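What the coordinates show
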Amino acid sequence: MAETWTAAGASAADRIVACYADTIFRVAVHYLKNREDAEDVVHDVLLKWLETAPAFQDGGHEKAWFIRVAVNACKDKRKSAYFSRRVGLERCAELPAKPSSTLLREVLLLPPQYSTLLYLHYYEGYSVRELSRMLGKGERAIQSQLYRARQKLKSEMEESEDG
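Nothing here was measured: the structure is a model prediction, and the numbers come from that model. (Residues numbered from 1 in each chain as written. Predicted model: local features only at pLDDT ≥ 70, side-chain atom pairs only at ≥ 80, totals over all residues. Heavy atoms only, no water.)

Pairing between side chains becomes possible if they bear opposite charge and their charged atoms approach one another. All chains considered together, the criterion is met by 6 salt bridges. Among the ionic pairs, lysine 77 bridges to aspartate 40, the shortest N-O distance being 3.8 Å. Of the two residues, lysine 77 is situated in helix α3 (residues 59-79) and aspartate 40 in helix α2 (residues 35-52); the sequence distance between them amounts to 37 residues. Looking at aspartate 40, the relative accessible area reads 37%, which means it is partly exposed. For arginine 129, the salt bridge is made with glutamate 139, and the minimal N-O distance between the two is 3.3 Å. With arginine 129 in helix α7 (residues 128-135) and glutamate 139 in helix α8 (residues 139-162), this pair connects stretches of sequence that are 10 residues apart. (Salt bridge = Lys/Arg side-chain N within 4 Å of Asp/Glu carboxyl O. Helix = DSSP H or I, 4+ residues; strand = E, 2+ residues; numbered from the N terminus. Buried < 20%, exposed > 50% of the residue type's maximum accessible area, 1.4 Å probe, protein only.)

What follows is the structure, given as structure tokens:
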């Protein structure tokens, strides 16, 4: 009986890794701007899933849980003493995929709260309603943050054109 559970548990873990490891990694890289820290976050999120074994309503709820936990893990990592004492080598970090446009490069240079929101909305395709549920904030708050993020992106792009 224990063998069956182990096989079932292994197949569930394989499915979760196959479905969500890349998404968690991309969110973490965009938030932390560092490949190694992003890999740590993937590890932490997958361990949290194994420890808590949450029950999900559907696939959308499951994906939202992984993204929400990934964002929280990134925030925790940024608050850690280790992260605050590091020298700024994260600007030199290798990204998982080379940005194909100037716009994406500019998005990646924004502060994490803007970069992550813009990335999830425009590159991962989440609606304001989905982001609201995923991030535990009201829809109006998400709309306001997206507006501020777009304004910040616009001013940064104008500055880079002038400079």
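Moving on from the coordinates now.
Quick look at helix α6 (residues 112-123) now. Counting buried positions along α6 gives 9 out of 12 residues, so the element sits mostly inside the fold. Among the residues trailing α6, glycine 125 stands out with phi positive, at a value near 85°.

Moving on to α8. Taking 1.5 Å of rise per residue, 24 residues should cover 34 Å, and α8 covers 35 Å from first to last C-alpha, within 8% of that figure. When we look at burial in α8, the residues that qualify are Ile142, Leu146, Ala149 and Leu153. Looking at the buried positions of α8, the neighbouring elements they touch are α5 (102-109), α6 and α7. (Expected span 1.5 Å × (residues − 1). Contact = heavy atoms within 4.5 Å.)

Coordinates in, geometry out; function isn't part of it.
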